[in-house]
Amino acid sequence: MRRTSKLFAGLIVAGFASAGLAAQAAETVQRPGTSPAYEQLGKVAVMHEGRIKPLDTVAREEVKQVYGKETVVVRDPREEVEKIVDPESFNRPGATSWTVEKWGPVAAFLGWTVRPEFWDDQPFILVDYLPLRRVVMAGTIKARLEAIAQKSTCPEGEKDRLRKLAVAPDVTATALIAFARDSKLPIEDRRTIAELAARLTEEHKWLAPRELEEARITAKGQELPFMSWAAALEKQKRDFDNNPQAAERPTEIERRAIEVAHRLGTYLAYSGDQFSNAGLILVMPRPSDAKYLAYTAGAIKEARAAKRTEDLPLMKLDALRAIGTYWDVIPVEDHKTPTEDAAADERFAAWLRDSSAWVPLKTLLKSKPEDLVAAGYPEGPVKAFLDAYHALEQAEISSPGQVSEAAAAALLTASRSLGEAVNPTKYPTVAMIDRETHFNAMNPFWQAPIAYGTALALLAVSLGFIPAAGKRSMSALLGSTIYRFGLAALAIGIALEIYGFYLRVRITGWAPVTNMYETVIWVALVAAVLSFVFEMIYRRVYMALAGSGVALLGTITAANVPLLDPSIHSLQPVLRSNLWLTIHVLTEVSSYAAFGVAWALGLIATLYYLTATYRRSPRLGELALLMIPGLPLATVGGAGVAASYGAFGPEWTTGDSLFYVFAVMGLVGGMVSLASVLAMAGEVVNRLTFRDQAGSEEVGEATGWETEDADAETGGAGIVSLASGGGGVATLVKPTVAEIRARETSHRVKLDARGEAMQRTAATVKPLSNFIYRTMQVGVLLIAAGTILGGVWADYSWGRFWGWDPKEVWALITLLVYLIPLHGRFAGWVSTFGLVVASVVCFLSVVMAWYGVNFVLGVGLHSYGFVEGGSQGIMMVIIAGVLALPIAAAWRRHLGYRPMF
Amino acid sequence: MATATKKAALASTPPPRRVQRAAAPSWVDRAARVVDAIYRFLASLKLAVITLGTLAATLAYATFFESWYGTGAVQEYIYRSTGFAVLLAFLGMNILCAALIRYPWKRRQTGFVITHAGLLIILAGSYYSVRTADDGQVGMLEGDVKGELVRIDYPVIRVWELDPHTQRQIREIDLPFHPGSFAWGPRRPRSTGLVARGLALATLGWAGSSQATEEVLSQPGDPFRFVVKEHLPASAPAREHVADPEGSPMARIRLRFRAPALPQEQDAFPTEDHQWFVTEKKFHRVVRAPMRGAPALVSFSDVDRPELVDDFLKPAMSSSKEGIARFRYVDRSGRTRIFDWALAGQAGQSVLLPESDLTVTLSEILEFPTQTRGLDRILGEDPIPIAMFKIQRGAAEAVTHMALANLPMVPNLIPSAEDPSAAPKPPLAAIHYMVTPVLDPKTNGRFGQIDVLAGPDHALSYRVFGRGKDGTTELRAAGAVSRGTPILAFGGNPNMPMTIRFEVDDYLAAGVEKDIYVPIELPKGKMGEGIAACRAEMTVGHETKELWLRRSISLDPPAPQVVTFRDAVYAIAYDVDRKPLGFDLKLDDFEVGFEPGTEQPTKFVSKVRLNDPSEEIQDQPHTISMNHPLYHRGYTFYQSRYQPDIDPHTDRPTGRFQSIFQVAINPGRPIIYSGCLMVVLGAFVQFYMRAGIFTDGGKRERERAAAKARAKDKTGQGAPLPQPVAPERL
């Protein structure tokens, strides 16, 4: 067993080491927009999507939406071209070094507005779906290739190849790269082709705004600009969502195109001159004094007299929009022009202060200062603000990304003094802004995975140094040191997460129970805490190992899966300030954490079972038997799914129901085949670590250690099913010490190597299964309480205790599903191995309750955060992959106990 | 334990009185054994495992069922079904027996007993709740006073018998209605339940499928028979066009256009309703301008004389706005002749119709203002010129004739005002007054006109007017129309960026429009939001009438539909059950707040006044908001949502919001709560005491025992410490 543990540990260490040694190329990295000046700038308060936040947050959110990450990396465009045209000299050491600019979010965001002419040509609009990029680039590629063929410098022989490439229906990167490398064209033309080819490679995920805007898409026999195409698609999608019969279902490419159009639209809204709502940075509170009311009244009068309201000054239009919004939510008879009715004025002023949107930056910049003063902005601060902004703009243009701290600080001070002068009650305090920028910059939730990962690695390694009973040795000391460090890392992870939650709760003002992202990081925290507590009690490594595994998985998922949105939004009224909701969700989600730890423990135990020594070693051929049903199923299913996606041409595409049949076939087949492979791998590992001197299964039979139940010897929470007077009713009976001793003495047989190996595995697996049992109990307790508290909350908020809402029902199902192994163990139906398998399989119901209800079912009151598409396909593949482990273990265990055939 | 079993077994066995004594023991014995076996079976843990599994599987299936068919369906077919109740009852039985069989309970079983008793209490409380609880909604605008609970899930058809003369209500008859959550009617069988549905699916509809597809709601004693023939849980209003000899000609014309920037052809008349052209009875014409973007006018008219079809296909064209009048008359030799008279500048002039003794004088050209009566939407022009002529045969008295431009079916002679009953004299000449349409995008935004005409033999013709090179109107094309074949009206060449084609899909020589409802498919998650409608037949005596009824969109009762029979009048509405609360609420003020600059609401607050005469409460103020309900007499009022108030006349929001409360009464609530508390406490006690979550499973006891054993060892008694042994199975 120790050999096995060491092997595991070695593998894990090797994995981490190789991940750390990523190849480094020669590049000079510049980091514009990371100086303290941009930190200052990030602290300017703005209103965005109904919430007041620092500019830093807005910049991060918008840059992430457009680029996919918060830091925009701009690479030298020649790099890709050279790599394609001349790969040998490119890879030679000491080759030209390439510049890489890593733009901080605030600087990039400021750059969009201030220097669009630069950003228009940088590839930073995320188009990660390759087929879509092909569609977008098709027109350009065709035109460029034809242009090259037209040139007089083009050799005759190459013209035909070029034209052939140009008319090919799907030009791939490979074809273009091959052509760029070996054609006889002049080098500049080959560079052009290489440039095009680079756009189609997997690594190049971004296109420049101009490329997208100028792209012409051929769809349904029509050539259209990209944005018009996307607009038509968006309408189609809306129609389809409202009524599936009314429009065609958008294809994957079309759905991705809509997303890309949104990204481009976001950029254009900030960079362009037009006044679209999306791109307005709302920087300043609205005045609400008598001057502003009079100004609004004047604007209304002017608007009624004017023929075209568009010609009014911007600030007046803005005032009109504000009062229009206000009038929309109050009865028509209460629509009073300001300054006419004192009581109405007071209500309007209060609304202006508390609930109206702020004034956009563009409006302030393009208004005459005297107009702003007339609207009620104090003269001194407003001029200071405008001057500070213009100065900063000039600074950014003359030295991009290198603005002086003084200029940024000046703008920050000016905006604060103006904002506080206009609306002292609602303008955020310095502490509030600092807290959020600090949270953004540090982001404890992004640091936590590092701590958890370290903990996982150290604890896994320490498992390999478990001392043989009672012996003190160098390796034991080393092992316990590593173990201590592992625990410390886990504790650091917990501390980071707690700090993160503290900041997040302070920023949002409510408990972290509002969306999927928050539940995922909460589960990570609870899993870590729970396992830490248990570890302190039992000190058997497994608990901490499982807990840090779950915590690592949770935090990494939260940070990387785009489905989980970490940004802080405003909240549904029903979710606000509700004690019961908070308790209910936290309890419910904590139970997921307990089940998650049980799941991880189950997987660890499964690994032991997978590599354990059994009564005999099954032949690899036997283990491969599962492939006989598995592989054909997987092949047919996979082919069917591929056909549904149109891989074999349109005549092979099938309807929805057939697609699901094929998908299930493929999944089951793949799962079974994978299980077979895993079982074989387990067998190989076992043969490497275990050397059976006798080498035959008959020896085991002769040693006679098959007389007693496993539970009895290890003496844990030993449970023996006895047919008591209740008839089929199991009762807990613990053997007395005398009984155990009597049994032991009768079985003191000298074991052979195989027997000893089995004994060691039993000794390892037994505490694991006990831990699983305990964590399941904790989970059941929490989920029972959480579900009932959910009822209390529902009763309190909606007026019914239980409404058979899918999320409620799945919480109940999860409870029932975990009650089955717990009761089954009493009934004698579920053995130790059964419990291990149950801990893995039952977790499926948690996955369904947590993720499936929102993304698979998509109905019910709880789907507040329902997002379309939850990558269900990927999720199914992951689930099937995880389930293959217990199947493999069960298969190998089954063969290990049955006689040869 | 055995005694307890026996006792229980005896208690549930009827005393064997009439059985002979000799045979009694064996009979009683056998019966007791059977009962005992059943009891043990019901109490067994294995059964519990199976029941739990079954329940979990059922619930999992139910959630998918809900995802496919909607919340209403899953409630109807699963959660409120008998089968589900039986399953729960069985689980309850299982729990009860499992708990009883362990009597007398030991101390360590405390948690187990509390948990399982709690579960039984929850089940009992749920049963009690199902019997006694009620819920519904109350919705009101500011200033409204409401005192009744709208029970949305309980539809009722309300029939009021009206006095035929005064239209006053004589009495109200309510017909409760349970239509279910799936559409049914002709071609759509009504399924009875999940089992039947499954059976029908398995046998391809051969077995188990359906009941009769109609439901008789009226009772034998009612003065009428009311049968629902068809039911749609989600409906949309539609118009059906059916042939009817009483009706007028109508045609369905589809117009498709493609603008230069648009990716594909679009329907200019997007809905079927817009595509149907129903001719106006008096003018025999209807005109419609397309909804989106295509600047052409489409007209449909009908004529009853073949020569008018000829005029239609070869119209007399004139660039003047006065147009040309075409006279058809009988000449001296008895032949029908045609004379065209261009009317520009001819007011007051006379002409002698060639080869006849008819003198025609153009008195004046009047203008018929169509806009005032909304007729421009039927006739297409405003104003329409009317030419007034005086026609004189020889020296006889002149007869005034009139002709409306482009409306040949309007008679030229008008019945005299003094004596309307007198038949008008036959006209001396038939006049067809043709005015070429003005196509000038600057004045009327049109650049084309498409006319479709139904002739006397039900054949259809068309003609297209377009703009010529110098801006004058020209006839582009004319000819016969064959149904379902698209005709290119404009474009199709590189010079014209806009392409317009049209197609006559359907034509009824005489037909009527009927308002009906059609089923709509709602997307996932919105299936509960449909508005139900049904088609019913009402029979009074031997007279049967068909009618469509639809539920109201708001919580207010729908406007009843009046159906008149020979000797009775009824008003009918498809409503839901409304239960008086016994007190009322007045909404003083409703406030909704939004996140600044967004449409995301942040709060709903209703300020209400409570009036309850039975408890002598008058105008007691309360504030109901999200998560702050109002409790009164067992009822709880929760702020549930709001909905903008729409002005029924203008279809525009009035800026006021209807505040909607969810109202619930549930006397079983304390029972359920106490059960829940017991379950959680019991589970905690059980896991803490027995399984020792925090005590390492009795490690301490084992250590103590081991220490004792060691102590014994030292004294030389007992065996050495046991060695672990390899297990049989891992």
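### Here we look at the sheet that holds strand S10 (residues 296-302) of chain B
All names here are of chain B.
- If you trace the five strands from one edge of the open sheet to the other, you get S9-S10-S18-S19-S20, paired in mixed fashion. Each edge of the open sheet is held by one strand with a lone partner, namely strand S9 (285-288) and strand S20 (473-481). On average, each strand axis in the sheet is tilted by 15° relative to the strand beside it, whichever way the strands run.
- Helix H9 (residues 306-313) contacts strand S18 (448-454), strand S19 (460-467) and S20 of the sheet and is inclined by roughly 25° relative to S19.

### Describing the sheet that holds strand S23 (residues 533-540) of chain B
Residue and element names in this part refer to chain B.
- Taken in spatial order, the four strands of this open sheet run S4-S5-S23-S24, and their pairing is antiparallel. Looking along the sheet, the strands with just one partner apiece sit at the ends: strand S4 (215-216) and strand S24 (543-550).
- In the sheet, strand S5 (residues 225-232) pairs with S23 via seven bridges, with the strands oriented antiparallel. Across the sheet, valine 228 pairs through a bridge with alanine 536, a residue of S23.

### A word on the packing of helix H8 (residues 130-150) of chain A against helix H11 (residues 187-199) of chain A
Residue and element names in this part refer to chain A.
- At a minimum axis distance of 10 Å, the contact between H8 and H11 shows a crossing angle of 170°. By the criterion of interaxial angle, the relationship of H8 to H11 is roughly antiparallel. For the pair H8 and H11, contact is made by Arg133, Met137, Ile141, Arg144, Leu145 and Ile148 and by Asp189, Thr192, Ile193, Leu196 and Arg199, respectively.
- Of the residues belonging to the contact of H8 with H11, the class tally is six nonpolar, one polar and four charged.

### Observations concerning the packing of aromatic side chains
- Tallying each qualifying case throughout the model produces 60 aromatic pairs over all chains.
- Three or more aromatic residues joined by ring pairs form one cluster here, namely Trp103, Phe109, Trp112, Phe118, Trp119, Phe124, Tyr267 and Tyr270 of chain A.
- One Lys or Arg, arginine 151 of chain B, reaches over the ring of tyrosine 154 of chain B and ends 4.1 Å from the middle of that ring.
- When the ring centre of phenylalanine 277 of chain B is taken as reference, the NZ or CZ atom of arginine 288 of chain B above it lies at 4.8 Å.

### Points about unusual backbone geometry
- The omega torsion across tyrosine 103 of chain B and proline 104 of chain B is -5°, close enough to zero to call that bond cis.
- Within the secondary structure layout, proline 104 of chain B lies in the loop between helix H5 (82-101) and helix H6 (110-132).
- We note that tryptophan 804 of chain A has phi near 55°; this positive angle belongs to a residue other than glycine.
- Take tryptophan 804 of chain A: it is sitting in the loop between helix H34 (753-797) and helix H35 (806-827).
- Judged by relative accessible area, tryptophan 804 of chain A falls into the buried class, the value being 18%.
- At arginine 633 of chain B, a residue that is not glycine, the phi angle is positive and equals roughly 45°.
- Tracing the backbone shows arginine 633 of chain B in the loop between strand S29 (630-632) and strand S30 (635-646).
- Judged by its relative accessible area of 36%, arginine 633 of chain B is partly exposed.

### Describing the pattern of salt bridges
- Per the counting criterion, the structure on display carries 63 salt bridges over all chains.
- The shortest N-O distance in the salt bridge between glutamate 70 of chain A and arginine 60 of chain A comes to 2.8 Å. With glutamate 70 of chain A in the loop between helix H3 (55-67) and strand S4 (72-75) and arginine 60 of chain A in helix H3, this residue pair connects regions lying ten residues apart in the sequence.
- Put simply, aspartate 174 of chain B and arginine 158 of chain B hold a salt bridge, and the shortest N to O gap is 2.9 Å.

### Comments concerning helix H24 (residues 474-508) of chain A
- Between its terminal C-alpha atoms H24 of chain A stretches 51 Å, which fits the 51 Å expected from 35 residues at 1.5 Å a residue.
- Directly beyond the C-terminal end of H24 of chain A, a positive phi value near 90° is found at glycine 509 of chain A.

### Section: the side chain of serine 548 of chain A
All names here are of chain A.
- Mapped onto the fold, serine 548 is located in helix H26 (residues 542-560).
- A relative accessible area of 0% places serine 548 in the buried class.
- Each residue touching serine 548, except ones within four places of it in the same chain, is listed here: Tyr452, Ala455, Leu456, Leu459, Leu490 and Ser531.

### What to know about the confidence of the model for chain B
Residues and elements named next belong to chain B.
- For chain B, mean pLDDT is 82; residues scoring 70 or higher make up 84% of the total.
- Considering only residues more than four positions removed or in separate chains, one finds that residues 1-14, a stretch of pLDDT under 50, has 13 contacts.
- In the predicted assembly, ipTM is 0.84 and pTM is 0.81.

### Re the packing of helix H4 (residues 77-85) of chain A against H11 of chain A
Residues and elements named next belong to chain A.
- At a closest axis distance of 8 Å, the pairing of H4 and H11 adopts a crossing angle of 110°. With respect to H11, the element H4 is oriented roughly perpendicular. In contact with Glu80, Val81, Glu82, Ile84 and Val85 of H4, H11 contributes Ile187, Arg190, Arg191, Ala194, Glu195, Ala197, Ala198 and Arg199.
- Split into classes, the residues belonging to the contact of H4 with H11 amount to seven nonpolar, no polar and six charged.

### Some details on the domain arrangement of chain B
Residue and element names in this part refer to chain B.
- Per the domain assignment, the segments of chain B are domain 1 (28-132), domain 2 (136-146 + 578-665), domain 3 (155-194 + 206-238 + 516-576), domain 4 (252-315 + 436-503) and domain 5 (316-417 + 425-435).
- Placing a centre on the C-alpha atoms of domain 1 and another on those of domain 3 gives a separation of 39 Å.
- Between domain 1 and domain 3 lies a buried interface of about 800 Å² when both sides are counted; carbon and sulfur atoms form 67% of it.
- Connecting domain 1 to domain 3 are zero salt bridges.
- Our count for the domain 1 to domain 3 interface comes out at three residue pairs in polar contact (both at pLDDT 80 or more).
- Counting residues per element, the ones that place at least two in the side of domain 1 that touches domain 3 are helix H3 (45-69) and helix H4 (71-79).
- Residue classes in the side of domain 1 that touches domain 3 are distributed as seven nonpolar, three polar and two charged.

So, how was this worked out
Residues numbered from 1 in each chain as written. Chains lettered and ligands numbered in written order. Predicted model: local features only at pLDDT ≥ 70, side-chain atom pairs only at ≥ 80, totals over all residues. Heavy atoms only, no water. Pairing = 2+ DSSP bridges. Helix = DSSP H or I, 4+ residues; strand = E, 2+ residues; numbered from the N terminus. Axes fitted to C-alpha atoms, helices over the stretch in contact; angles between N-to-C directions. Contact = heavy atoms within 4.5 Å. Parallel < 35°, antiparallel > 145°, perpendicular 65-115°, else oblique. Nonpolar A, V, L, I, M, F, W, Y, C, P; charged D, E, K, R; others polar. Phe/Tyr/Trp six-rings, centres within 6.5 Å; stacked < 30°, edge-to-face > 60°. Lys NZ or Arg CZ within 6 Å of the ring centre and 35° of its normal. Buried < 20%, exposed > 50% of the residue type's maximum accessible area, 1.4 Å probe, protein only. Salt bridge = Lys/Arg side-chain N within 4 Å of Asp/Glu carboxyl O. Expected span 1.5 Å × (residues − 1). pLDDT = per-residue confidence, 0-100. Domains from an automatic or database assignment. Buried area = accessible area lost by both parts, 1.4 Å probe. Polar contact = N/O pair within 3.5 Å; in protein donor to acceptor, adjacent residues only side chain to side chain.

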